[in-house]
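# A structural walkthrough
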Amino acid sequence: MAEKNKFYITTPIYYVNASPHIGHSYTNIAADTLARHMRRVLGKENTWFLTGTDEHGQKIERAAEKQGLTPGQFVDRVVVQFRDLWDKLNISYNDFIRTTEDRHIKTVQRSLEILYKNGDIYEGKYEGWYCTPDETFWLESQAPDKLCPDCRRPLEEIKEINYFLNLQKYQSWLIEYIKNNPLFIRPENRRNEILSFLTLNKLSPLCISRPKERLSWGIPLSFSASHVTYVWFDALINYISAVGEFDANDKYHSRWWGEDSRVVHLIGKDILRHHAVYWPIMLKALGIRMPDTIFAHGWWMLGEGKMSKSRGNVVNPLDMVDKYGIDTYRYFLLREVPFGLDGNFSEDSIIKRFNADLANDLGNLIYRTLNMVEKYFQGKIPQHDIFSRRYDAAGEEIKNILDFPASQRASFSRDINSSLSAESDFNFSLAFESIWRRISMANKYIEESKPWNLAKENKIDELSAFLGLMIEVISQVGRQIESFMPYTADLIKEQLGEKEIKKGKPLFPRIENKETDT
RNA sequence: CGCGGGGUGGAGCAGUCUGGUAGCUCAUCAGGCUCAUAACCUGAAGGUCAGCCGUUCAAAUCGGCUCCCCGCAACCA
């Protein structure tokens, strides 16, 4: 197998029928952290991070109508909200694809043509029950009484010509593929879920078109003037339309989708089936190799249940960022819950995390250290070769962990690398744990060394060696959190300075709980 | 028998695959320290690991049954 020295990570393209919420930001923060991390490991030029927006379909057509806009005007407005949020959250995407762009439309149409030509897509009849006022299709099993489950109005039976992708043809291949590639669908329980779904059910053909008279806001099929493309087919293609194209022989080429590239799709668990069933089959039928990993993360629960627009309990990420800061928000989402599991979101939990981890552990470590440098050395960082020096047992332990020039950069974050691998399910919270072990070790070491006594006893040499070591620890911690909390990493670098520290204010001033104490 | 996840000291979780001292964070209590953001360090109390039965020298961990909670069931991350 070719060595993977490139990394291509994607988020879903978000459906822009409403403003972004915490879930959108969760996926993008996770993807951003992985992208930043891989840029450090493989180099900037070998990492590509794609996000974007899904802009076609009925819901958007209707949302636009409600506001008296054309679909085009409507999506242009909502897209801005997404872009602004990503800027605000420091999301370092390389490319932002919109499904209304030419490059995308071209590739979708081309893909459809290829599949049509190969016979994987064929014309068929679609039968179902339709609620005209709601413009929604229902299966007979969903509406046994022939009444719309939503509005209770009578349904109308519809028969129309549509185009279908033959999924069943590839079903047994897909099962085998998933079985033979343990990293293909992660985490493990999702993989099992899909496997059991595929084993127990016969896949029915996927309808990939919609008649124009019902839906005009979509990509036209080149082989049928009266149809547009079904939104999910349209959407999934973004992963390849953004980074490559088909040649005259229907072969797909991409710098980021070659054998030397690791392709990772980050998604929420709700859209797992589209990504783990439809998408692989589409790729297979198009003669394109599989992504390496499709990872489905969990949901954030809010109070009593999952958050959703219909329940009206949506948390606006912008509010959280304004209130607690970008990196606090990033830290909380990545730290609170192992990636892949569901989590509970509450401001109380944010405050708890903030005070315990950011203010007390990290913030205070930096502040107390810098304060000593200021107090004992007038802010000048002691220029000691800390590695040539001998310390007591605790100091030696810290020094060993620093592990600095001897084994070069790579070993710096060995356990971070392994925590952030697909094999470990991109375990951000585990990575944080190992960083925080260093932080708490440093706090402990200060306690044991009692630098304030060294100062009183005028043991300047020991004191400066000690502080030199502490500065090195902090600087390393700063480098280690860089992918997770880029803004804070910058601040730390600034505070540490070259030869002289700039203490400034505490990075994370404690939040005192005024209102509620439970 | 639709599918899946879960029930571990007051709270939130890890540990279960590869049986063998029940671990972490927060909260509580006591002590220490004073460089620091009432922060930091040390120690303590607190759990029959949902229940029952079984396998085993040994079960939170394997098997069976029961009870309870929560998601999903095909366009909300």
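This one's a predicted model, so the numbers in the text were calculated from it and none came from an experiment.

## Overview of the domain arrangement of chain A
- Domain annotation of chain A identifies domain 1 (6-297) and domain 2 (347-517).
- Domain 1 puts 15 residues into the contact, and the matching count from domain 2 is 15 residues.
- Summing both sides of the interface, domain 1 and domain 2 together bury roughly 1400 Å²; the carbon and sulfur share of this comes to 61%.
- Area buried by domain 1 at its contact with domain 2 is led by T33, H37 and R40, which between them contribute 40% of it.

## Focus on the environment of R110
- Tracing the backbone through its elements, the reader meets R110 in helix 4 (residues 102-118).
- Take R110: its relative accessible area is 22%, and that puts it in the partly exposed class.
- Sequence spacing of R110 and D250 is 140 residues, and the spatial spacing of their C-alpha atoms is 8.5 Å.
- Beyond its immediate stretch of four places on either side in the chain, R110 contacts F246, D247, A248 and D250.

## What about the confidence of the model for chain A?
- Of all residues in chain A, 86% attain a pLDDT of 70 or more, and the chain-wide mean is 84.
- With pLDDT under 50 throughout, residues 304-311 is counted as low confidence; its partners more than four residues away or in other chains account for 19 contacts.
- Below a pLDDT of 50 lies the segment residues 514-518, which in the model reaches one contact outside its immediate sequence neighbourhood of four places, other chains included.

## Points about the nonpolar core
- Counting 93 residues, the largest nonpolar core has L266, F345 and F484 as the members making the most contacts within it.
- Of the residues forming this core, the biggest block, twelve residues, is contributed by helix 12 (residues 347-377).
- Two domains each donate at least three residues to this core, and these are domain 1 (6-297) and domain 2 (347-517).
- Residues F223, V231, Y278 and A296 belong to the second largest nonpolar core, which totals 59 residues.

## Observations concerning the pattern of salt bridges
- In this structure the tally under the stated criterion is 25 salt bridges.
- In this structure, K169 engages D120 in a salt bridge whose closest nitrogen and oxygen atoms are separated by 2.8 Å. With K169 in the loop between strand 6 (156-165) and helix 5 (171-180) and D120 in the loop between helix 4 and strand 4 (121-131), the pair connects residues that are 49 residues apart, well separated along the chain.
- Here R368 and E447 are joined by a salt bridge, their closest N and O atoms 3.6 Å apart. On the criterion of sequence distance, the pair formed by R368 in helix 12 and E447 in helix 15 (residues 428-449) is long-range, its members being 79 residues apart.
- For R368, a relative accessible area of 23% gives the class partly exposed.
- Among the charged side chains, a network of salt bridges with common partners joins K4, R289 and D292.

Rules behind the numbers
Residues numbered from 1 in each chain as written. Chains lettered and ligands numbered in written order. Predicted model: local features only at pLDDT ≥ 70, side-chain atom pairs only at ≥ 80, totals over all residues. Heavy atoms only, no water. Domains from an automatic or database assignment. Contact = heavy atoms within 4.5 Å. Buried area = accessible area lost by both parts, 1.4 Å probe. Helix = DSSP H or I, 4+ residues; strand = E, 2+ residues; numbered from the N terminus. Buried < 20%, exposed > 50% of the residue type's maximum accessible area, 1.4 Å probe, protein only. pLDDT = per-residue confidence, 0-100. Core = buried A, V, L, I, M, F, W, Y, C linked by side-chain atoms within 4.5 Å. Salt bridge = Lys/Arg side-chain N within 4 Å of Asp/Glu carboxyl O.

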